[in-house]
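Results of the structural survey
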Amino acid sequence: MDVPNNINSLLSTVQMEIIRLRQERTSCSQATFAGICRAAGCSRSDEELLALSAGFRGGTGCSYNEGSCGALMAGVMALGMFLPEDNAKAVTLSKELFEHFKERYGTVICGNIVYRNGFAACTGCCLCVGRKVIGLLCREQVLTQKDTLNRITSKYKQETHQS
């Protein structure tokens, strides 16, 4: 079974992961990056995923009024992570993600989004990016059910060997 039959499951998983992480008070960039990576079956540890994305919080280092949304930056990172052999495709999909986000929020600047909508909008930004990235990866057939299951199985095996 290919991804189109599994896309709803992946979209549901990314949404649940992001919401759970946000409820645990994880930053926008961390919740988005880890949520996407978990939903897609990335084999990196949670500690690594959270550390890699920590600096994008609040518009890169909490710069707010000058930095791009951390959730958006996390989505760009996730695209690159799942397209390591195709930088050109990662760039093209990142531009598509950027345009989608900008159309939705009218800006990519963290502080402008927060000013207009309050901090409550941050989880919405995370979900917007998470769903779009999973959709792009599925559309481009980067994620197939077989690949996702292999990544999840590999991660499970690593975790059980470390216990």
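These remarks concern the structure in this document. From a predicted model like this one, the values you see are computed outputs, not experimental measurements.

**Structural notes on the packing of aromatic side chains**
All chains considered together, the criterion is met by two aromatic pairs. With centroids separated by 6.2 Å and ring planes inclined at 85°, the aromatic side chains of Tyr-64 and Phe-119 adopt a geometry described as edge-to-face. Of this pair, Tyr-64 sits in the loop between helix H3 (46–53) and helix H4 (70–82) while Phe-119 is found in the loop between helix H6 (110–117) and helix H7 (121–139), placing the two residues 55 residues apart along the sequence. Note on Tyr-64: relative accessible area 28%, which makes it partly exposed. On the numbers, 4.8 Å between centres and 35° between planes, the contact of Phe-101 with Tyr-105 is tilted. Of the two residues, Phe-101 and Tyr-105 are both situated in helix H5 (residues 87–105); the distance of four residues between them amounts to about one turn of the helix. On the basis of relative accessibility, which here comes to 0%, the residue Phe-101 falls in the buried class.

**Looking at the pattern of salt bridges**
One pass over the structure, following the stated rule, counts ten salt bridges. Residues Glu-24 and Arg-20 are paired through a salt bridge, measuring 2.7 Å at the closest nitrogen-oxygen approach. A salt bridge links Glu-140 to Lys-89; the nearest nitrogen and oxygen atoms lie 3.2 Å apart. Of the two residues, Glu-140 sits in the loop between H7 and helix H8 (145–162) while Lys-89 sits in helix H5, which places them 51 residues apart along the sequence. Connected through salt bridges with shared partners, the residues Glu-17, Arg-20, Glu-24, Arg-38 and Asp-46 form a single ionic network.

**Section: the side chain of Glu-17**
In this structure, Glu-17 sits in helix H1 (residues 7–23). Classification of Glu-17 as buried rests on a relative accessible area of 18%. Here Arg-38 takes part through its side chain, which lies 3.1 Å from a polar atom of the side chain of Glu-17. Filtering out sequence-adjacent residues up to four positions away, Glu-17 remains in contact with Gly-35 and Arg-38.

**Points about the nonpolar core**
Counting residues in each nonpolar core, the largest one holds 42 residues, and the members touching the most others are Phe-82, Phe-101, Val-133, Ile-134 and Leu-143. Taken together, the elements giving at least two residues each to this core come down to H1, helix H2 (28–39), H4, H5 and H7. For Val-133, the residues in contact, after removing those within four places along its chain, are Ile-36, Gly-75, Ala-78, Leu-79 and Leu-97.

**Thoughts on the state of the cysteines**
According to the stated counting rule, one finds zero disulfides in the structure shown. Its sulfur unpaired, Cys-62 is 8.1 Å from the next cysteine sulfur, which belongs to Cys-110. Cys-62 gets classed as partly exposed once you look at its relative accessible area, which sits at 35%. Considering cysteine sulfurs only, Cys-69 is the nearest to Cys-125, which forms no disulfide, with 4.4 Å between them.

**Some thoughts on unusual backbone geometry**
The backbone of Thr-60 shows a phi angle near 65°, a positive value even though the residue is not glycine. With respect to the helices and strands, Thr-60 occurs in the loop between H3 and H4. Given the relative accessible area of 40%, Thr-60 is considered partly exposed. A positive phi angle is found at Cys-62, which is not glycine, with a value near 60°. Looking at where Cys-62 falls in the secondary structure, it is placed in the loop between H3 and H4.

What counts as what
Residues numbered from 1 in each chain as written. Predicted model: local features only at pLDDT ≥ 70, side-chain atom pairs only at ≥ 80, totals over all residues. Heavy atoms only, no water. Phe/Tyr/Trp six-rings, centres within 6.5 Å; stacked < 30°, edge-to-face > 60°. Helix = DSSP H or I, 4+ residues; strand = E, 2+ residues; numbered from the N terminus. Buried < 20%, exposed > 50% of the residue type's maximum accessible area, 1.4 Å probe, protein only. Salt bridge = Lys/Arg side-chain N within 4 Å of Asp/Glu carboxyl O. Polar contact = N/O pair within 3.5 Å; in protein donor to acceptor, adjacent residues only side chain to side chain. Contact = heavy atoms within 4.5 Å. Core = buried A, V, L, I, M, F, W, Y, C linked by side-chain atoms within 4.5 Å. Disulfide = S-S within 2.5 Å.

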